[in-house]
Amino acid sequence: MQLVTAIIKPFQLDAVKVALHEIGANGISVSEIQGHGRQRGHTETYRGAEYTVEFVPKLKLEILVDDAIADQVVDTIATNARTGKIGDGKIWVAPVGRVVRIRTGEEGSDAL
Amino acid sequence: MQLVTAIIKPFQLDAVKVALHEIGANGISVSEIQGHGRQRGHTETYRGAEYTVEFVPKLKLEILVDDAIADQVVDTIATNARTGKIGDGKIWVAPVGRVVRIRTGEEGSDAL
Amino acid sequence: MQLVTAIIKPFQLDAVKVALHEIGANGISVSEIQGHGRQRGHTETYRGAEYTVEFVPKLKLEILVDDAIADQVVDTIATNARTGKIGDGKIWVAPVGRVVRIRTGEEGSDAL
Amino acid sequence: MRRKLLVALLAGGAVTVLGASPAFAQGGIKAAEVQAVLDNIWILVAAVLVFFMHIGFTLVETGLTRAKNAAAIVMKNLMTLIIGVLAFGVIGFTLAFGGGSDWLGYQGWFLDPGYFDFGNLTIPTYFIFQAAFAATAATIVSGAMAERTKFISYMIFAAILTGIIYPIVAHWVWGGGWLSKLDTPFIDFAGSTVVHSTGAWAALMGVWFLGPRIGKYGPDGKPRAILGHSIPFAIIGVLVLFFGWFGFNGGSQLAADFEVGRIALTTAFAGVAGGMGALIVVWLTTGKPDVGMTGNGILGGLVGITAGCSAVNNWGAVIIGALAGTLVVFAVLYFDRVAKLDDPVGAISVHGACGVFGTLMVGFFATEGGLFYGGGVDQLVSQLIGIVAVLAFVVVTTAIVFFVIKATIGLRVGPEEEMEGLDVLEHGAPGYAGDTVTVGASFAAE
Amino acid sequence: MRRKLLVALLAGGAVTVLGASPAFAQGGIKAAEVQAVLDNIWILVAAVLVFFMHIGFTLVETGLTRAKNAAAIVMKNLMTLIIGVLAFGVIGFTLAFGGGSDWLGYQGWFLDPGYFDFGNLTIPTYFIFQAAFAATAATIVSGAMAERTKFISYMIFAAILTGIIYPIVAHWVWGGGWLSKLDTPFIDFAGSTVVHSTGAWAALMGVWFLGPRIGKYGPDGKPRAILGHSIPFAIIGVLVLFFGWFGFNGGSQLAADFEVGRIALTTAFAGVAGGMGALIVVWLTTGKPDVGMTGNGILGGLVGITAGCSAVNNWGAVIIGALAGTLVVFAVLYFDRVAKLDDPVGAISVHGACGVFGTLMVGFFATEGGLFYGGGVDQLVSQLIGIVAVLAFVVVTTAIVFFVIKATIGLRVGPEEEMEGLDVLEHGAPGYAGDTVTVGASFAAE
Amino acid sequence: MRRKLLVALLAGGAVTVLGASPAFAQGGIKAAEVQAVLDNIWILVAAVLVFFMHIGFTLVETGLTRAKNAAAIVMKNLMTLIIGVLAFGVIGFTLAFGGGSDWLGYQGWFLDPGYFDFGNLTIPTYFIFQAAFAATAATIVSGAMAERTKFISYMIFAAILTGIIYPIVAHWVWGGGWLSKLDTPFIDFAGSTVVHSTGAWAALMGVWFLGPRIGKYGPDGKPRAILGHSIPFAIIGVLVLFFGWFGFNGGSQLAADFEVGRIALTTAFAGVAGGMGALIVVWLTTGKPDVGMTGNGILGGLVGITAGCSAVNNWGAVIIGALAGTLVVFAVLYFDRVAKLDDPVGAISVHGACGVFGTLMVGFFATEGGLFYGGGVDQLVSQLIGIVAVLAFVVVTTAIVFFVIKATIGLRVGPEEEMEGLDVLEHGAPGYAGDTVTVGASFAAE
Ligand SMILES: Nc1ncnc2c1ncn2[C@@H]1O[C@H](COP(=O)(O)OP(=O)(O)O)[C@@H](O)[C@H]1O
Ligand SMILES: Nc1ncnc2c1ncn2[C@@H]1O[C@H](COP(=O)(O)OP(=O)(O)O)[C@@H](O)[C@H]1O
Ligand SMILES: Nc1ncnc2c1ncn2[C@@H]1O[C@H](COP(=O)(O)OP(=O)(O)O)[C@@H](O)[C@H]1O
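This structure is a prediction, so every number in the text was calculated from the model and none was measured.

Here we look at the overall build of chain A
Helix and strand counts for chain A come out as 2 helices and 7 strands. Listing every helix and strand of chain A by position from the N terminus yields β-α-β-β-β-β-α-β-β. Principal axes of the C-alpha set define a box for chain A whose edges measure 55 × 25 × 20 Å. Counting over 112 residues, chain A shows a buried share of 63%. Nonlocal contacts in chain A, meaning residues at least 24 apart in sequence, comprise 72% of its contacts between residues at least 6 apart. Within the structure as shown, chain A displays about 3,900 Å² of accessible surface, and the carbon and sulfur contribution to it stands at 49%.

Structural notes on empty space enclosed by the protein
By volume, the largest cavity amounts to about 370 Å³. Along the wall of the largest cavity there are 20 residues; nearest its centre are D:Val45, D:Val48, D:Leu49, E:Leu49 and F:Leu49. Contributions of two or more residues to the lining of the largest cavity are made by helix 2 (31–63) of chain D, helix 2 (31–63) and helix 7 (231–251) of chain E together with helix 2 (31–63) of chain F. Its residues assigned to classes, the lining of the largest cavity shows 20 nonpolar, no polar and no charged. Around the second largest cavity sit 24 residues that line it, and A:Leu3, A:Ala94, B:Leu3, B:Ala94 and C:Leu3 are the ones nearest its centre. For the lining of the second largest cavity, the class distribution of residues is 15 nonpolar, 3 polar and 6 charged.

Re the relation of the copies chain D and chain E
In screw terms, the move from chain D to chain E is a rotation of 120° and a rise of 0.0 Å along the axis, fitting with an RMSD of 0.0 Å. Such a turn and shift between the copies fits a three-fold axis. Judged by C-alpha distance, D:Ala31 is the residue of chain D that lies nearest the rotation axis, at 2.8 Å. In this assembly, only 17% of the residues forming the interface of chain D have copies in chain E that are likewise at the interface, indicating a heterologous arrangement.

Details of the nonpolar core
Looking at soluble globular proteins, one finds that nonpolar side chains tend to be buried together. Counting 507 residues, the largest nonpolar core has D:Tyr166, D:Phe243, E:Tyr166, E:Phe243, F:Tyr166 and F:Phe243 as its most contacted members. Excluding residues that lie within four positions of it along the chain, D:Phe243 makes contacts with D:Leu49, F:Val48, F:Phe51, F:Phe52, F:Ile55 and F:Leu81.

Comments concerning the environment of D:Ile160
Residues and elements named next belong to chain D. Mapped onto the elements of the fold, Ile160 is located in helix 5 (residues 151–174). When the C-alpha positions of Ile160 and Ala138 are compared, they lie 9.5 Å apart, and in sequence the two are 22 residues distant. Excluding its chain neighbours within four sequence positions, the residues that come into contact with Ile160 are Ile165 and Val401.

Focus on the pairing of strand 2 (residues 28–36) of chain A
Successive side chains on a regular strand alternate, one facing one side of the sheet and the next facing the other. Burial within strand 2 of chain A is extensive, with 8 of its 9 residues counted as buried. With 7 bridges connecting them, strand 2 of chain A and strand 5 (residues 56–65) of chain A associate as antiparallel partners. Looking at the pairing, A:Ile33 lines up with A:Lys58 of strand 5 of chain A. Where strand 2 of chain A lies against strand 2 (residues 28–36) of chain C, 3 bridges are found, and the strand directions are antiparallel. From the neighbouring strand, A:His36 faces strand 2 of chain C, where its bridge partner is C:Ile28.

Focus on the packing of helix 4 (residues 123–144) of chain D against helix 6 (residues 192–210) of chain D
Residue and element names in this part refer to chain D. Packing of helix 4 against helix 6 leaves a shortest axis separation of 8 Å and a crossing angle of 30°. On the basis of their axis angle, the class for helix 4 and helix 6 is roughly parallel. Where helix 4 crosses over helix 6, the two elements pack in a sense that is right-handed. When helix 4 is examined against helix 6, the residues Phe133, Thr136, Ala137, Ile140, Val141 and Ala144 are found in contact with a partner set consisting of Val195, His196, Gly199, Ala200, Ala202, Ala203 and Val207. When the residues that make up the contact of helix 4 with helix 6 are grouped by side-chain class, the tally is 10 nonpolar, 3 polar and no charged.

A word on the interface of chain D and chain E
Contact with chain D, which involves 82 residues of that partner, is made by 87 residues of chain E. Counting each side, the surface lost to burial between chain D and chain E is near 7,000 Å², with a carbon and sulfur contribution of 76%. Of all the elements in the fold, those that place two or more residues in the side of chain D that touches chain E are helix 1 (2–11), helix 2, helix 3 (70–97), helix 4, helix 5, helix 14 (422–427) and helix 15 (437–440) of chain D. No other element matches helix 2 of chain D, which puts 18 residues into the side of chain D that touches chain E. Of the residues in the side of chain D that touches chain E, the class split is 58 nonpolar, 16 polar and 8 charged.

Digging into the side chain of C:Ser29
One can find C:Ser29 in strand 2. Other than its neighbours up to four places away in sequence, C:Ser29 contacts A:Ile7, A:Ile33, A:Gln34, A:Gly35, C:Lys60, C:Leu61 and C:Glu62.

Regarding the pattern of salt bridges
According to the stated counting rule, one finds 54 salt bridges over all chains in the structure shown. With its nearest N and O atoms 2.5 Å apart, the salt bridge here joins A:Arg98 to B:Asp75. Of this pair, A:Arg98 sits in the loop between strand 6 (90–95) and strand 7 (99–101) while B:Asp75 sits in helix 2 (residues 67–81), which puts the two residues in different chains. Given a relative accessible area of 21%, A:Arg98 falls into the partly exposed group. Linking B:Glu62 and C:Lys60 is a salt bridge whose minimum nitrogen-to-oxygen distance equals 2.7 Å.

So, the confidence of the model for chain D
Note that predicted coordinates carrying low pLDDT should not be read in detail. Residue and element names in this part refer to chain D. When pLDDT is averaged along chain D, the result is 92; 92% of the residues meet or exceed 70. Across residues 1–26, where pLDDT falls below 50, the model places 64 contacts with residues more than four positions away in sequence or in other chains. Throughout residues 439–446 the model reports pLDDT below 50, and contacts reaching past four residues in sequence, or to other chains, amount to 33 contacts. The complex model carries a pTM of 0.94, and its ipTM stands at 0.94.

A word on the pairing of strand 4 (residues 49–53) of chain C
All names here are of chain C. Burial within strand 4 is extensive, with 4 of its 5 residues counted as buried. Sheet analysis places strand 3 (residues 42–46) next to strand 4, joined by 5 bridges and oriented antiparallel. Its bridge partner being in strand 4, Tyr46 is matched across the sheet by Ala49. As consecutive antiparallel partners, strand 3 and strand 4 are separated by 2 residues, and within that stretch Arg47 has a phi angle of approximately 50°, a positive value.

What counts and what doesn't
- Residues numbered from 1 in each chain as written.
- Chains lettered and ligands numbered in written order.
- Predicted model: local features only at pLDDT ≥ 70, side-chain atom pairs only at ≥ 80, totals over all residues.
- Heavy atoms only, no water.
- Helix = DSSP H or I, 4+ residues; strand = E, 2+ residues; numbered from the N terminus.
- Buried < 20%, exposed > 50% of the residue type's maximum accessible area, 1.4 Å probe, protein only.
- Contact = heavy atoms within 4.5 Å.
- Areas by Shrake-Rupley, 256 points an atom, 1.4 Å probe, with all protein chains shown as cover.
- 1 Å grid on protein atoms, 1.4 Å probe; cavity = no way out; pocket = protein on both sides within 12 Å on 5 of 7 lines; lining within 4 Å.
- Points joined across faces, edges and corners; volume = space filled by probe spheres on them.
- Nonpolar A, V, L, I, M, F, W, Y, C, P; charged D, E, K, R; others polar.
- Least-squares fit on C-alpha atoms with pLDDT ≥ 70 in both.
- Core = buried A, V, L, I, M, F, W, Y, C linked by side-chain atoms within 4.5 Å.
- Pairing = 2+ DSSP bridges.
- Axes fitted to C-alpha atoms, helices over the stretch in contact; angles between N-to-C directions.
- Parallel < 35°, antiparallel > 145°, perpendicular 65-115°, else oblique.
- Left-handed = near helix turned anticlockwise from the far one by under 90°.
- Buried area = accessible area lost by both parts, 1.4 Å probe.
- Salt bridge = Lys/Arg side-chain N within 4 Å of Asp/Glu carboxyl O.
- pLDDT = per-residue confidence, 0-100.

Structure (structure tokens):
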């Protein structure tokens, strides 16, 4: 079992979600985060004082998937979250051990 | 060392937390997320326009534990977060390498 | 590739971020969480009813780094997030498999 | 000018249009007529201030409850106003102020000009002011029953309260009913009992029939704090109510005269003294200067002075206010810990306990007729009669209403709805939606 | 006392300072003079209430849009007031109320006392009241165009609307222009057409030229719900507007007299009936008692009664209000689904559809001259003429303005700005900043 | 009717109850009496508007600070009102308006009717209006000292400011003191100096003794932006203040007459001009139309016109407002960057800089006696004397008070409290609680 984590632009959630449904990845957990990557933030002013906006709102998606479709899920997210502009985000995959569905107590692939 | 991650219904936090304390797992980090699993959302209306509520508020718990008690922690969460209704959530476990307690710099099991 | 996760006191973000920039770790994702560790919360009152503040606001940082600098990143965070008071937080490191930069599709170290 | 003329044409305005700028007629208008117009304008302004209090109630109730029920609670407050004006307009006003018996009015429906006479005040002016009061009684209930009451059930209850129950109480005291005909008439100048206690006893019955919110009492029966989601909302609501109260009490003079200022002043003194009293007591009792409780203290002081704002002097006002503020703290603790009645906003304490207290205090502090000013116990006895009569009437009638509602359509939402929050499941959308997660979710399903 | 004297010295106050406490002169002042002062004070209070409505508009518009644009939308509302008062002061007031032709005024600039005569009302009093109205017309537009309009472009548009377009409409109806000179003069007591429809048609053109927000319509053309980020804000805004409306309609009497109460009452009845109407219709149609739509219903009822609040009776008010509330629901659905005009707050439905409807209803329900009261169709025809004339004029002129703005500086922010939110990119800081993440980010870059 | 009669019985109301509906006496009441009642009613309404301003201050201060201190800041505002009314009632009013010397009043305590004479205004009316002013001076301080001041210390300071320091200043100018007896009396119509500068200088001393918030200045001494957590709150607060200001300035006429409208108009013009001035300057300077700064500009314009609202004409008002708005921007930058005084809401700039500026401008723009209208420099010199005297007095006295507080109970919370937020640690509960995480945490520990 793999946990796919993706940081995406908030506005791309819609497209990503639909595309994931189409490939049968239904479960997903989303959280609001703020992040920045290589680019330095832009300078803005607040009440006349300059400051750098270094953190930009993003969404973090966490998707637990069977090993078999992990790559497909990553590719699907990458394609659908892409705008081509800086700040599109990252995706990473990490292996997961035991998985449980709380409602039924099922484990492993059945838990998804 | 293992990181136990659990997505639960917000209202179950209380029960889960007490149960975890009882088995000696004191440290916990909680974040507010939104998620959905297999079930499609229900349709609602906003100002006359229909829409589907696909994301439902959940809590994500992250608990760093010694390998020895990881299974017990998972079972405890599963038991206490269960309502038996759809949307109860998932638990997964993943191995963790280095662990540091920031205050003291202690590492490994001592860091918990 | 490693994912460094750190729970820190919100007020230390500034120092940690600067220190990370200095060692060349630019990318970072931050989320607001609540947590507690060993210490029991303090008792407060709300409208005359006593309750225990068990969860305290923290920030969670997630930083994807090359294996080579993971330890340096951990140490940097530990040093700069430390206040020496209870509640300073934890850092943990976990290995990550595939990593993708959404904008370009680059993978691995190039994706950072 | 032209608009004015058109307007005058349409409306048959009583005032002739006159000369230069700033211009006024050199004759023709009598001072008494101007005074009558002034009375009406002031009472209208006061009515607007009382309407404005609904913003205060909305903010307090929303602030002291949870975010997941925010849309539901503002909706209940909105409906209180809508239903209050309609039900009071169609039935209540006649029951309260129409000619009739000592027990209720039944002559003169739909504001029929042939049946009503309010002195200098026109029927519309008088009605608007009174309708705003009726809605106030109902809104007290929505706060106490927050976070678990079915929308439709609340609507029905609010209609009965503002259309029938409150008007009958108002008739007894203000509409020429029996309490105003006691040898020493019951004094409730602006409604500590008529408005606030009525609302509070209804709230008490509502909370009793509803039961506490899930999670409010632990398995051991101990109360848990369920924190409000926005203290700024709650406190701004208290401030809005404070300022609206100048209309509530000052307008109850039902005339523009030199007394209004004095009433406004006793009101202000009691309000601030109530806040100070509650602050000190809660600070000494719990060790922290609790924000919400201080706000409740101000409201308690205001409720406390409402009965006697015109009858007591400044010192009386400060003392009544401070004691009412103190009382609020203990009442909240009592209902929370001992009676185990889950009242998220403290409405029963603020409006019930302080309403009774304030009404009683008139018997002591009234500068004419009060015990402390040599007036004997007559007034005190009348006050007690009024308090008990209203209590009994409201408790019995609202108990019947709640019982019937509970037995038929039900009073409380299902546990799932309660846990997930009323907003989405009862009203279709969250009170606070995220910017993008929700957009992501928003394919129209048609 | 001394302060009073100093003041009197400076201001040459018309009222002499007098005797004991509470003191009043034993002679010298005429009742007509007091009435004139009272007229001015009431209209000032009414003007303050109308100003207050800008808080209501701000809350409604902010609540029904997304958090990422919160600072931008409150800023647009703030600028509406600033620009409205300045543009209406410098140009608009003369166009509207200065001497001139049937089409516009052109005599008497900068409130020149030699040129204006408003009977009992002084020029400042009259101006403040009217300026608050002008700003209202503009603020309607900011809501409909929310979440995608360039700040500078909105500012320019607001200046033209409040400085030129609205004043010309106001001149036609209220400034002695041609619509007030029809054989049966067009009746729009407080501005269903003059203020609300003018704002709504401008909004319609604005939305047309702008296009919908990104993501509002799916690839299949189906509308998606974009949820507002704070229903409490929106509903408190509705309540604020409701109470401000007492000034809007009651002040339009332009005098303090016994009619004001009657006007306030028809206003209140129509507002609550509108809310009830919308609630029932939306509940039956969609299955849920929608909170925002009920709020829109109240506003629809209020807009609907604005034209006829002085001409119709209570029953007329309830019926007009209830129908307007019903209409709002269908209008919102129509614009959203059929016309595909993306109006986040429902401004076109509330102010346009109900503005037309209410203006028309005067022809039926006016107790003097209305069709239902035996008055024939003359009034109805005049109402139609007025509605169509204003519609045509505003649509054409605002279309030209929007066209020119779009062709030159542009009307809409870039897609990136729109998706990330206007707050940071247009105004430099978020509407809602986090406590620490932002502090972490806040090294001054200098 | 009956209620009215009961009321009249109790209150000995001055107005006889009269005939038909709408009814008025055919004789007996003198116009002068009606005028006196009207004066009182208007000043009461104005006082309610000034009270209302406390909602505005609360919103501005809450919006421009961080969420973790939201409960603490609303609590300080609530206490300002409570303490202000009590301290001003018990001591301040006599010091300010009681008979006495050129320096302070000492005759007539507790609103004793034998000692005060305010012409047409009753003592309660006059007191309420003045008490609302006193509280305003204090609330300015709470904003500047936000996010780090100990609750108890603020309370003590507020009591001394509203009970002693402010009243003495008010006595000098409005209570018959020495500044009102200069050959050319110092003019401060509604309190640019008396209220606003007094508050600002107290704030200046407070900020000086407190030091900046942790993190406000980097190790290199450069200022960092600490963003406010709710711009909608801040801007709605500005709008609330704007509308309250009509009562602040218009009520300062202390009578209902034709001047009030003129005063309201100069107030409105200066406010909008201030917003426009600040917008343009901040836009040109920083490249972005900053929302909070535009709001500050409006407030600056309003503070600026407060001294001269009755003495200047419309053009003067626009110019004073625009310049004050401009000044605010530079003052904020100056205090932030150069003086390094950390004032989260810009209170010192808005109320201090613009208060001085506006007071001075009276010397130039007063149409009677101003330099630009041929009045010579006499007025200007008097204005300077007043400004400097108040500055010196307030700076010295508040410095002593802050010094003593700091040396005894301490002025500032501990660093941990400051970093974690004052809400939980000082007041026991967060301003914004989550729905479930907090419930999860809320076992009563008893
Ligand atoms: N090394 C990293 N660790 C964790 N999150 C990162 C890292 N780099 C980027 N991110 C996240 O991805 C988002 C976009 O990254 P950024 O580098 O700005 O875009 P791009 O990949 O297009 O260059 C950031 O806002 C941050 O949330
Ligand atoms: N594959 C998944 N990956 C990540 N999170 C998931 C996944 N499936 C479910 N979740 C999370 O668990 C929650 C409950 O899951 P759901 O499938 O609705 O319940 P159940 O397990 O009872 O069928 C979801 O709201 C989501 O946050
Ligand atoms: N076992 C754990 N698992 C997950 N998070 C933890 C754990 N222990 C602590 N934390 C997080 O770290 C924060 C600080 O931990 P705490 O134990 O209070 O401090 P310290 O490390 O100084 O003893 C907590 O608020 C919580 O968010």
